[in-house]
Amino acid sequence: MTRPMPERRIKNSSSDRECLRCGNCCHVDMFAYITADDVERWKREGRDDILQHMHAHDIVWAGDIIVSSTGIRLKSCVFLNWDGESFSCGIYPTRPGVCRDYVPGSSEICPLYYKQSE
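Now for a look at the structure at hand. Computed from a predicted structure; not experimentally measured. (Residues numbered from 1 in each chain as written. Predicted model: local features only at pLDDT ≥ 70, side-chain atom pairs only at ≥ 80, totals over all residues. Heavy atoms only, no water.)

A few words now on the pattern of salt bridges. Applying the stated rule across the entire model yields 4 salt bridges. Between Lys-43 and Glu-40 there is a salt bridge, and its shortest N-O distance comes to 3.8 Å. Of this pair, Lys-43 and Glu-40 are both found in helix α1 (residues 36–45), 3 residues apart, which corresponds to roughly one turn of the helix. When the shortest N-O distance is used, the salt bridge between Arg-47 and Asp-49 registers 2.8 Å. Salt bridges sharing common partners tie together Asp-38, Arg-41 and Glu-45. (Salt bridge = Lys/Arg side-chain N within 4 Å of Asp/Glu carboxyl O. Helix = DSSP H or I, 4+ residues; strand = E, 2+ residues; numbered from the N terminus.)

And the structure:
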């Protein structure tokens, strides 16, 4: 289920910068960063889709890339959606803590990192 977003840019409550929905921060599989709290929340919510994906791929760091236990390099989150104009999160309401805590512009992977605050 995709979070409805009528505008191209969304406001992040923990930042004065607006997310551009470019997907750069999601082009790393989030399963390398999930916590026990995330897993427990998904169990309570009955999110078997998320849990099955997590257990099926056994995600690990391999130097500076993320790979599955079968050696497949993972390039983006499986729950990242593209509508032809912008990206959105297919599990936005229950996304992991690493995604909830991300502040637009706080990393060099985000185009907002290089822009001055307005």
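What follows is about α1. Each full turn of the α-helix corresponds to 3.6 residues, which orients residues three or four apart in the same direction. Asp-38, Val-39, Arg-41 and Trp-42 are the residues of α1 that are buried. The buried side chains of α1 occupy one side of the element, clustering within an arc of 160 degrees when seen end-on. Seen from the buried face of α1, the exposed residues on the opposite side, beyond 90 degrees, are Ala-36, Asp-37 and Arg-44. (Buried < 20%, exposed > 50% of the residue type's maximum accessible area, 1.4 Å probe, protein only. Arc of directions from axis to C-beta.)

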